[in-house]
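Topology and contacts: notes
Each chain is listed here by its residues.
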Amino acid sequence: MVADTFSALVLLAAALVGLAVFLFSVYGLDKSRQRYGYFPLMLFLQVGVGGVCLTGDLFNLYVWFEVILICCFALLSLGGTKPQLEGALKYVTINFIASGLLLTGIGVVYSLFGALNLAELALIVREGTHLNLPLLSMASVFFLTGFGIKAAIFPMFFWLPASYHTSPIAISAFIAGLITKVGIYTLIRLFTLVFITDQTFMMPLMAILSGATMVVGVIGAAAQNDFRRILSFHIISQIGYMLMGLAIYTPLAIAGSIFFIIHNILVKTNLFLVSGVVAQYHRTFQLPRLGGVYLQQPFIALLFFVSALSLAGTPPLSGFWGKFMLAKAGFEAGNYLLVTTSLGVSLVTLFSMTKIWNEVFWKSKPRKPSTSILLTQSDRLRIALLYVPVVFLLCCILAIGVYAGPLIELAMRASQDLLHIETYTDTVLGKAR
């Protein structure tokens with residue numbers, strides 16, 4: 001087990017959203033699901049995320065992802081409704097395929113080097129003696145495909161919008177906000193540590209996948225009329241930005257991806273929680289059946305507004321700094337097409353956030369009376385307590401937006417550590433000796 005700045009930042013973000021979702025779940029999740037093991041499953045899922053971020057061994061990395069897979073499958077199917085079971089089966093089927101690809105890639109790496117320790121593999125690859133480059137490139141494709149499925153990279157994203165909107169928000173918010181970013185974390189870790197020998201092929205491929213992921217995700221979001229499905233498609237789009245930094249492969253670009261991962265974990269979780277609060281009042285996620293929330297619950301409208309602007313990258317909020325770092329790195333590297341694509345996708349993201357704002361918060365409420373008038377006083381008190389985790393996450397989002405300097409410095413330090421591995425390898429192998 002080994003931690004560096006990158007893994008520590010992801011673990012801190014995971015802990016923050018885990019705390020927020022826990023607080024939301026106490027009053028926002030039905031008691032029957034709580035009694036059937038919801039909280040232990042959430043904690044085991046948190047353990048799996050910690051294991052992925054802290055492991056220094058390639059096979060243990062696979063094992064920790066299987067822990068995540070089992071916990072996600074159990075959580076997505078918790079309650080046993082037909083849509084949940086359908087979504088959970090889609091999720092677990094495609095992720096089992098991804099796990100098979102990862103296991104195959106691990107077998108190829110072990111057959112080549114006789115080692116699975118990441119620090120040892122990094123040194124072996126950099127020594128370059130008797131390397132079988134075609135087989136190593138093949139193994140890297142296995143890992144790109146396997147973790148690309150888990151991260152919902154184009155064209156392997158189709159399972160995500162079919163799964164994440166079927167569960168209660170307390171479950172969807174944590175899984176949607178965090179798990180796909182763990183897949184991107186692993187890609188950044190492996191392709192800066194081990195798979196560095198075929199960059200002339202792999203980096204252009206990642207640039208293509210990054211741009212396609214952005215475009216397809218944001219187009220899918222613009223076509224939806226369900227609050228959760230719009231947010232689910234935006235996960236795909238935002239994954240493209242995170243992959244963009246790895247595709248450009250400069251210190252600033254990778255730092256931009258790291259900053260963007262931390263920002264997106266917080267913002268995406270918060271937007272899902274906001275949709276959950278709206279649904280608690282109005283008993284639906286369908287945009288045509290919602291309306292007038294700005295007048296009825298102005299505070300939740302404000303919370304959504306700030307979080308949505310941050311997701312779209314409006315300055316000086318947190319999303320702006322991550323996109324600014326990536327765009328600057330792209331211009332410096334001469335990757336103008338990818339930067340132009342990312343800027344265009346930001347505009348469409350703002351459009352889809354505006355669509356939610358207009359349909360849910362700004363337009364007149366539908367003629368059919370809102371179900372919120374049927375809420376009892378105790379229901380209203382319970383829903384009011386759901387604001388606490390949303391406000392907590394929004395404070396974190398505002399902090400890394402308005403005071404972005406410290407996080408940018410940490411992201412740059414993490415990027416330098418990833419690209420100059422001496423500290424990592426010396427620490428790990430020195431302790432082993």
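Nothing here was measured: the structure is a model prediction, and the numbers come from that model. (Residues numbered from 1 in each chain as written. Predicted model: local features only at pLDDT ≥ 70, side-chain atom pairs only at ≥ 80, totals over all residues. Heavy atoms only, no water.)

On to the overall build of the protein. When you go through the protein residue by residue, the secondary structure sums to 20 helices and zero strands. For a compact globule of 433 residues, the expected C-alpha radius of gyration is about 22 Å, and the protein comes in at 21 Å, within 12% of that figure. When burial is assessed residue by residue, the protein has 59% of its 433 residues classed as buried. Excluding contacts between residues fewer than 6 apart, the proportion of contacts in the protein whose partners are at least 24 apart in sequence is 82%. Carbon and sulfur atoms form 69% of the exposed surface of the protein, whose accessible area is close to 16600 Å². Side-chain charges in the protein split into 26 positive and 16 negative, and the spacing between the mean points of these groups amounts to 18 Å. (Helix = DSSP H or I, 4+ residues; strand = E, 2+ residues; numbered from the N terminus. Rg over C-alpha atoms; globule rule 2.2 N^0.38 Å. Buried < 20%, exposed > 50% of the residue type's maximum accessible area, 1.4 Å probe, protein only. Contact = heavy atoms within 4.5 Å. Areas by Shrake-Rupley, 256 points an atom, 1.4 Å probe, with all protein chains shown as cover. Lys, Arg positive; Asp, Glu negative; His and termini not counted. Charge placed at Lys NZ, Arg CZ, Asp CG, Glu CD.)

For Leu61, the location among the structural elements is in helix H4 (residues 58–77). Sequence spacing of Leu61 and Met412 is 351 residues, and the spatial spacing of their C-alpha atoms is 25 Å. When near neighbours in sequence (up to four residues on either side) are disregarded, Leu61 contacts Val52, Thr55, Phe147, Thr186 and Leu190.

Another aspect to go through is the side chain of Gln224. For Gln224, the position within the fold is in the loop between helix H10 (199–222) and helix H11 (227–248). Look past the residues within four positions of Gln224 in its chain and what remains in contact with it is Arg229, Ile230, Phe233, Leu287 and Lys355.

This part is about the packing of aromatic side chains. If you walk through the whole model with that rule in mind, you get 21 aromatic pairs. Note on Phe59 and Tyr62: the rings are 5.7 Å apart at their centroids and 40 degrees apart in plane angle, and the pair reads as tilted. Remark: Tyr62 and Phe59 occur in helix H4; sequence separation between them is three residues, near one turn of the helix. With a centroid separation of 6.0 Å and an interplanar angle of 65 degrees, the aromatic rings of Tyr294 and Trp357 are classed as edge-to-face. Remark: Trp357 occurs in helix H16 (residues 336–362) and Tyr294 occurs in helix H13 (residues 293–296); sequence separation between them is 63 residues. According to the relative accessible area criterion, Tyr294 is partly exposed, its value standing at 35%. Sitting above the plane of the Phe285 ring, Arg228 keeps its charged end 3.9 Å from the centroid. (Phe/Tyr/Trp six-rings, centres within 6.5 Å; stacked < 30°, edge-to-face > 60°. Lys NZ or Arg CZ within 6 Å of the ring centre and 35° of its normal.)

Where helix H7 (residues 133–151) contacts helix H9 (residues 169–193), the axes come no closer than 7 Å and their chain directions differ by 160 degrees. Relative to H9, the element H7 lies roughly antiparallel. Along this stretch, H7 crosses H9, giving a crossing that reads as left-handed. Counted together, Ser140, Phe143, Leu144, Phe147, Gly148, Lys150 and Ala151 of H7 and Thr180, Gly183, Ile184, Thr186, Leu187, Leu190 and Phe191 of H9 form the full contact between these two elements. Considering only residue class, the contact of H7 with H9 consists of eight nonpolar, five polar and one charged. (Axes fitted to C-alpha atoms, helices over the stretch in contact; angles between N-to-C directions. Parallel < 35°, antiparallel > 145°, perpendicular 65-115°, else oblique. Left-handed = near helix turned anticlockwise from the far one by under 90°. Nonpolar A, V, L, I, M, F, W, Y, C, P; charged D, E, K, R; others polar.)

These results come straight from atomic positions and should not be treated as a statement about function.
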